[in-house]
Amino acid sequence: LRARTPNAPAVGRYDEVARVVTGDANARAEDAAVWLRELVAELSVPGLASYGVSDEDIPRVVVAARQASSMQGNPIVLTDVELHEALGAAIPA
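What you are looking at is a predicted structure, and each value in this text was computed from that prediction instead of being measured.

Novice: Run through the overall build of the chain, naming residues and quoting values.
Specialist: Within the chain, the regular secondary structure consists of four helices and zero strands. Put simply, the chain runs from its N terminus to its C terminus through helices and strands in the order α-α-α-α. Along the first, second and third principal axes, the C-alpha set of the chain runs to 40 × 30 × 20 Å. A total of 93 residues make up the chain; the buried ones form 17% of that total. Within the chain, contacts between residues at least 6 apart in sequence are counted, and of these 50% link residues at least 24 apart.

Novice: Can you tell me about the pattern of salt bridges, naming the residues and giving the values?
Specialist: Applying the stated rule across the entire model yields five salt bridges. Its salt-bridge partner being R2, residue D15 comes within 2.6 Å of it at the nearest N-O pair. Here D15, found in helix α1 (residues 9-22), pairs with R2, found in the segment before α1; they are 13 residues apart in sequence, far enough to count as distant. Owing to a relative accessible area of 11%, D15 belongs among the buried residues under this scheme. In this structure, the salt-bridge partner of R60 is D57, at a minimum N-O distance of 3.3 Å. With a relative accessible area of 55%, R60 lands in the exposed category. Sharing partners across several salt bridges, the network here consists of R2, D15 and E30.

Novice: Tell me about the side chain of D57, residues and numbers included.
Specialist: Inspection of the secondary structure puts D57 in the loop between α2 (29-42) and α3 (58-67). Given the relative accessible area of 18%, D57 is considered buried. Looking at D57, its side chain comes within polar contact range of the main-chain nitrogen of S54, at 2.8 Å.

Novice: Go over the environment of T79 with me, naming the residues and quoting the values.
Specialist: Relative to the assigned elements, T79 resides in the loop between α3 and α4 (80-90). Along the chain, T79 and R66 lie 13 residues apart, while their C-alpha atoms are 9.7 Å from each other. Among all residues touching T79, those that are not within four sequence positions of it are R4 and R66.

The rules we used
Residues numbered from 1 in each chain as written. Predicted model: local features only at pLDDT ≥ 70, side-chain atom pairs only at ≥ 80, totals over all residues. Heavy atoms only, no water. Helix = DSSP H or I, 4+ residues; strand = E, 2+ residues; numbered from the N terminus. Buried < 20%, exposed > 50% of the residue type's maximum accessible area, 1.4 Å probe, protein only. Contact = heavy atoms within 4.5 Å. Salt bridge = Lys/Arg side-chain N within 4 Å of Asp/Glu carboxyl O. Polar contact = N/O pair within 3.5 Å; in protein donor to acceptor, adjacent residues only side chain to side chain.

What follows is the structure in structure tokens.
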């Protein structure tokens, strides 16, 4: 989002969330992403593989995601490559 549309209102909102969750007045959205990854690890949140999702499922899930109304809430349209990468990163158990 920051790279494609740096002046989008969502950028500021995500930066604000980062400041709240990290407690750092200078935090940016990227800092919140790090904080969230650390929380997921600390809580041992399982990857999608633990629910039976594998790399072979990614193309089908991307197609389904494109049709989901929830995708309309994203501040930018994610490319198929971005969706593949996000799902691939979420699969490890």
